[in-house]
Amino acid sequence: RWPERLAGQVVRSVDAHGKHLFLRFENDLTIHSHLRMTGSWGTYLRGERWRRSPRRAWLVVRRGNGEVVQFDGPLLELVTDSRTRFDQRIAGLGPDIIKDDFDEDEVLRRLRRDDPTRPIGDAILDQQTIAGIGNLWKVEGCWLAGIDPWRRTSDVNDEEALRIVRGIRPLMQESAMHGMQDAYKTIYGTKGRPCPRCGTLIQARGQWDDNRRTYWCPGCQS
């Protein structure tokens, strides 16, 4: 019944927190989506060929000569605007890394409440600690900071943890503006190739409970 409830409605605002995206309409309804690993949004002119098959489109929003399409979204729901403010999935998120009001101190407080034996590479993926970092940015952040992603969180001091975050934050902000995340790959997906910093061969294996494939250089990340 989405078409009936949204017919004629105008999008009031589009905002995000971490990986959660909200399209807010004037009638207090909000489309809430989370793409995880498989979903994507695309913007097109009417009649323009979509980058994925129409069978994979979960939602199409049209206005004037343009259309916005969501493909393969694991989470897509229509909720009231007020519900998004009280939803515990959202209320429990950590500070959003790309926002202007990003709070480093709050990130450190949340990080130190986490399991101290957890590898730092996995800990910074936890959206309740810091919202917005995905596996690619985890890999690149640890490499930029020269931090081994397998080090226990308890063995990473506050300055080292912030060095990871500060290295990728401006890059993520740029990426959010133009949507080309892959442009920032340096070692992600390069197992067996020389590290561009020290020449040691890049290694990769799954990490922690989610077994997210992690790339790192054993030569210059310690």
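Because the structure is predicted, anything quoted here is derived from the model rather than measured.

Q: Where do I start with the overall build of the protein chain in this structure?
A: Scanning the protein chain from N- to C-terminus turns up 7 helices and 9 strands. When each of the 222 residues of the protein chain is scored for burial, the buried share is 45%. Within the protein chain, counting contacts between residues at least 6 apart in sequence, those at least 24 apart form 54% of the total. For the protein chain, the exposed area adds up to about 12000 Å²; of that, 48% sits on carbon and sulfur atoms. Within the protein chain, one finds 36 positive and 31 negative side-chain charges whose respective centroids are separated by 6 Å.

Q: How do you make sense of the sheet that holds strand β4 (residues 40-45) when you look at a structure like this?
A: Within a beta sheet, neighbouring strands are joined by backbone hydrogen bonds and run either parallel or antiparallel to one another. Taken in spatial order, the 3 strands line up as β4-β6-β5 in an open sheet, and their pairing is antiparallel. Both edges of this open sheet fall to β4 and β5 (57-63), since each of them pairs with a single strand only. Strand-to-strand twist of the sheet, defined as the mean angle between neighbouring strand axes without regard to direction, takes the value 20°. Of the strand pairs in this sheet, β5 and strand β6 (residues 66-71) are connected by 6 bridges, and their pairing is antiparallel. Bridged to Leu 59 within β6 is Gln 70.

Q: Got a minute to help me understand the pattern of salt bridges in this structure?
A: Between side chains of opposite charge, pairing is possible as soon as their charged atoms come close. For the structure on display, the rule yields 18 salt bridges. One salt bridge connects Arg 24 with Asp 81, and the closest N-O pair in it is separated by 2.4 Å. Separated by 57 residues along the polypeptide, Arg 24 in strand β2 (residues 20-25) and Asp 81 in helix α2 (residues 81-86) bring together distant segments of the chain. The pair Arg 24 / Asp 81 is uniform in exposure class, with both members buried. Between Asp 72 and Arg 52 there is a salt bridge, with its nearest N and O atoms 2.7 Å apart. Remark: Arg 52 occurs in the loop between β4 and β5 and Asp 72 occurs in the loop between β6 and β7 (75-80); sequence separation between them is 20 residues. On the basis of relative accessibility, which here comes to 16%, the residue Asp 72 falls in the buried class. Owing to a relative accessible area of 24%, Arg 52 belongs among the partly exposed residues under this scheme. Ionic contacts of the salt-bridge type, sharing partners, join the residues Arg 12, Asp 15, Arg 24 and Asp 81 into one network.

Calculation criteria
- Residues numbered from 1 in each chain as written.
- Predicted model: local features only at pLDDT ≥ 70, side-chain atom pairs only at ≥ 80, totals over all residues.
- Heavy atoms only, no water.
- Helix = DSSP H or I, 4+ residues; strand = E, 2+ residues; numbered from the N terminus.
- Buried < 20%, exposed > 50% of the residue type's maximum accessible area, 1.4 Å probe, protein only.
- Contact = heavy atoms within 4.5 Å.
- Areas by Shrake-Rupley, 256 points an atom, 1.4 Å probe, with all protein chains shown as cover.
- Lys, Arg positive; Asp, Glu negative; His and termini not counted.
- Charge placed at Lys NZ, Arg CZ, Asp CG, Glu CD.
- Pairing = 2+ DSSP bridges.
- Axes fitted to C-alpha atoms, helices over the stretch in contact; angles between N-to-C directions.
- Salt bridge = Lys/Arg side-chain N within 4 Å of Asp/Glu carboxyl O.

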